[in-house]
Amino acid sequence: MRTQRQVVDYSLQRRAVLRDVRSGRVSALEVCDASPYLKNAATFHGEPTDERCPICRRENLTLVHYVYGDELKQSAGQAHKLAELSVLAMTLRECQVFVVEVCRSCSWNHLIERYVLGRDALGDDDSTIQWKTGSVSHVGEGRR
């Protein structure tokens, strides 16, 4: 998407959790705790992937995109299909998207990515120049 920016990838954190499960430091029951709402969102709004669940290996993972933003008011925090995100990106000034992978079989779930969408990025021709010069700062993106 053209307006996608401030991407935070959680793949290292995911690998650490899976390593802890495989070594026995963390029980699979502790990480397979998807709520019924998350599993329903995966069923009705999720995007299927070709990747098998890393815990049960029975079913492919599903990606759920949750959207938050001030302009959304009461609909903030709802799951949306990937195709709907491009419409939201052109409609809203700015919104945060959280991408969660879910196994509908064993309830594994993990936040895999977070990014910002919206029209605010369309008017910023300076953002490309800042990126090339390296003057962009990621203030607030601390370690978790």
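Residues numbered from 1 in each chain as written. Predicted model: local features only at pLDDT ≥ 70, side-chain atom pairs only at ≥ 80, totals over all residues. Heavy atoms only, no water.

## What to know about the overall build of the protein
Step number 1: Secondary structure summary: the protein contains five helices and six strands in total.
Step number 2: A sequence separation of at least 24 residues applies to 64% of the contacts in the protein between residues at least 6 apart.
Step number 3: Summing over all exposed atoms, the protein offers an accessible surface of approximately 9300 Å²; the carbon and sulfur share of this is 50%. (Helix = DSSP H or I, 4+ residues; strand = E, 2+ residues; numbered from the N terminus. Contact = heavy atoms within 4.5 Å. Areas by Shrake-Rupley, 256 points an atom, 1.4 Å probe, with all protein chains shown as cover.)

## Structural notes on the environment of Arg 22
Step number 1: Locating Arg 22 in the fold gives a position in helix H1 (residues 11-23).
Step number 2: Separated by 32 residues in the primary sequence, Arg 22 and Pro 54 place their C-alpha atoms 9.9 Å from one another.
Step number 3: Contact partners of Arg 22, with chain neighbours within four places excluded, come to Pro 54 and Arg 57.

## Considering the nonpolar core
Step number 1: Within the largest apolar cluster, 13 residues are counted, with the highest numbers of intra-cluster contacts made by Val 67, Leu 85, Leu 88, Val 97, Val 99, Tyr 115 and Leu 117.
Step number 2: Not counting chain neighbours up to four residues away, the residues in contact with Val 67 comprise Leu 72, Ser 75, Ala 76, Gly 77, Gln 78, His 80, Leu 85, Leu 88, Cys 95, Gln 96 and Val 97. (Core = buried A, V, L, I, M, F, W, Y, C linked by side-chain atoms within 4.5 Å. Buried < 20%, exposed > 50% of the residue type's maximum accessible area, 1.4 Å probe, protein only.)

## Brief notes about the environment of Ala 79
Step number 1: One can find Ala 79 in strand E4 (residues 78-80).
Step number 2: C-alpha separation for the pair Ala 79 and His 45, spaced 34 residues apart in sequence, amounts to 6.3 Å.

## Digging into the confidence of the model for the protein
Step number 1: Overall, the prediction assigns the protein a mean pLDDT of 83, with 81% of residues at 70 or greater.
Step number 2: When the criterion is pLDDT under 50, residues 125-144 qualifies, and its contacts beyond four places in sequence or with other chains add up to seven contacts. (pLDDT = per-residue confidence, 0-100.)

## Brief notes about unusual backbone geometry
Step number 1: With a phi angle near 60°, Arg 57 is a residue other than glycine that sits in the positive phi range.
Step number 2: Along the chain, Arg 57 falls in the loop between strand E2 (47-52) and strand E3 (60-68).
Step number 3: Judged by relative accessible area, Arg 57 falls into the exposed class, the value being 52%.
Step number 4: Look at Ser 107: it is not a glycine, yet its phi comes out positive at around 75°.
Step number 5: Note that Ser 107 resides in the loop between strand E5 (95-102) and strand E6 (109-117).

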